[in-house]
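# Descriptive structure summary
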Amino acid sequence: MTHPKKPPAPCIGTIRRRTFLRSGLVGWSALGLADLLRAESLAASAGQSAKSGKSIILLWLWGGPSHMETFDLKPQASAEFRGEFDPIATTVPGLEISEHLPKLAGLGDKFALVRSISHDSPGHVNSTHTMLSGYPGNALEQPPYAPDHPDLFAVTGKLLGSRVDGMPPLVSMPFTRYQGGAYLGTAHNPFVVKADPNSDKFSVPNTSLAGMTKPQFAQRLDLLKEFDQYRRDVDASGMMDSVDEFNHKAVSMLTGDAARDAFDIGREDPRTRDRYGRHAVGQRCLLARRLVEAGARMVSIDFATVPGQKAFSWDDHASVWNIFEQMKIRLPVLDQVASALVEDIHYRGLQDDVLLVVMGEMSHTPRLSNFKGQPGREHWGRTMSVFLSGGGMPMGQAVGATNSKGDEVLSRLVRPNDLLATWYKHLGVPLATHFPDHGGRPTPILPNGAPIAELI
């Protein structure tokens with residue numbers, strides 16, 4: 001008697017959002033506001049300037065966008081490589097991108113592409129760790145998928161803290177994927193905003209009194225002070241003084257205007273909201289611009305899909321959906337939101353301080369796959385592209401190149417750690433920084449890598 005073969009486990013990059021949310025990987029939304037703000041206290045002890053004006057917006061294309069359909073097309077390659085899309089010229093001579101990104105093509109002088117990034121991590125989890133922590137993730141991907149080393153967010157939050165009092169330094173929308181503070185602790189994870197800013201009922205918890213009148217809030221503060229006074233009396237070490245400081249900052253955020261006003265997306269001109277797109281990812285991108293302008297240091301937007309798509313990520317395996325059908329739906333939305341961010345960053349005079357990064361954790365194979373007549377591409381990190389705009393960096397260029405098939409780096413090999421070093425330099429984080437790991441050993445934030453000279 002023969003038994004039917006057990007179907008292979010689906011790639012984690014193609015699971016539905018509802019399934020992903022059940023895993024509970026939604027950052028530190030369960031922590032108190034005072035816990036969130038404790039990260040700021042470490043800036044002074046690290047000797048860094050908490051008032052540095054630099055920030056990053058990370059538009060995360062979960063699943064791994066294929067460079068062959070986005071920023072590094074190969075129209076002269078054979079059919080099994082080149083795919084169905086053609087490149088179009090940008091405003092910079094010789095710089096071409098996908099025909100489905102025409103708005104970005106008109107802004108060629110305001111962005112840079114790094115086309116020669118390469119890593120060997122094979123999965124979504126370990127690739128995310130590689131790209132955001134500088135340390136390769138474990139080959140075996142198992143829950144809770146937390147990194148062994150702190151990621152870019154955690155390091156930045158620990159060393160630099162908040163740019164502006166009353167604003168959360170780190171924000172993620174609508175969740176983070178496989179990120180974390182590792183031995184720096186969860187206090188340096190981002191403030192997670194799960195609500196949809198495109199909804200008329202959009203509101204953000206922990207940034208206002210949530211319906212409580214200020215007199216009522218004052219009464220509760222008086223009660224809290226009584227408890228604090230009692231604890232202070234029995235705390236000979238003085239530790240309660242720091243606790244009071246964190247609670248004071250939490251109260252400042254609740255009663256102040258900075259965070260509340262920044263999250264009030266209804267203040268935007270309706271025409272601006274239309275330009276970003278009246279959908280969740282568009283309004284999250286607009287909100288990200290508002291947040292960094294108001295003082296947030298790092299904001300990430302998880303852009304996995306477009307509502308109504310068969311695809312639930314950029315993980316375009318032939319076995320799950322037709323890459324070209326789904327790209328034709330997805331790329332116009334990327335074009336809309338990324339071009340709106342580029343325009344705003346430059347036209348609002350933020351281009352020296354705000355760096356926009358558009359990327360995923362990997363790319364997909366230059367050679368096409370076929371599953372029952374359906375085209376797709378598989379996991380691939382050896383040649384991938386990253387899009388950048390602003391940050392005071394030279395724009396209108398492509399750094400590095402791949403060969404005619406797009407499957408090997410031809411010139412200017414760039415490793416993920418070089419990208420991270422470039423971002424740390426932009427933010428003002430010293431690359432020589434070490435932190436004690438769980439065993440107390442001093443561990444560098446990056447084991448190797450150097451800022452990309454062409455972008456400095």
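Residues numbered from 1 in each chain as written. Predicted model: local features only at pLDDT ≥ 70, side-chain atom pairs only at ≥ 80, totals over all residues. Heavy atoms only, no water.

### A closer look at the packing of helix α6 (residues 124–133) against helix α14 (residues 416–427)
It is at 7 Å that the axes of α6 and α14 come closest, and there the two elements cross at 40°. With respect to α14, the element α6 is oriented oblique. Residues Thr130, Met131, Leu132 and Ser133 of α6 form the contact with α14, whose own contacting residues are Pro416, Asn417, Leu419, Leu420 and Trp423. Residue classes in the contact of α6 with α14 are distributed as six nonpolar, three polar and no charged. (Axes fitted to C-alpha atoms, helices over the stretch in contact; angles between N-to-C directions. Helix = DSSP H or I, 4+ residues; strand = E, 2+ residues; numbered from the N terminus. Parallel < 35°, antiparallel > 145°, perpendicular 65-115°, else oblique. Contact = heavy atoms within 4.5 Å. Nonpolar A, V, L, I, M, F, W, Y, C, P; charged D, E, K, R; others polar.)

### Observations concerning unusual backbone geometry
With omega at 5°, the peptide bond leading from Pro143 into Pro144 counts as cis. By the element assignment, Pro144 lies in the loop between α6 and α7 (152–160). A cis geometry characterises the amide bond from Met173 onward to Pro174, with omega recorded as -10°. Positive phi, normally seen in glycine, also occurs at Tyr178, with a value near 60°. Tracing the chain through its elements places Tyr178 in the loop between β5 (170–173) and β6 (191–192). Its identity as a non-glycine residue notwithstanding, Arg412 has a phi of 60°, on the positive side. For Arg412, the position within the fold is in the loop between β16 (409–411) and α14.

### Remarks on the packing of aromatic side chains
What the rule picks out here adds up to seven aromatic pairs. Ring geometry for Phe303 against Trp314: centres 5.6 Å apart, planes inclined by 85°, an arrangement best described as edge-to-face. Within this pair, whereas Phe303 is found in the loop between β7 (298–302) and α13 (323–347), its partner Trp314 is found in the loop between β7 and α13, the two being separated by 11 residues in sequence. Note on Phe303: relative accessible area 0%, which makes it buried. Its relative accessible area of 0% is what places Trp314 among the buried residues. Three or more aromatic residues joined by ring pairs make a cluster, and in this case those are Trp62, Tyr145 and Tyr178. Here the guanidinium or amino end of Arg330 rests over the ring plane of Trp314, the centre of that ring lying 4.5 Å away. (Phe/Tyr/Trp six-rings, centres within 6.5 Å; stacked < 30°, edge-to-face > 60°. Buried < 20%, exposed > 50% of the residue type's maximum accessible area, 1.4 Å probe, protein only. Lys NZ or Arg CZ within 6 Å of the ring centre and 35° of its normal.)

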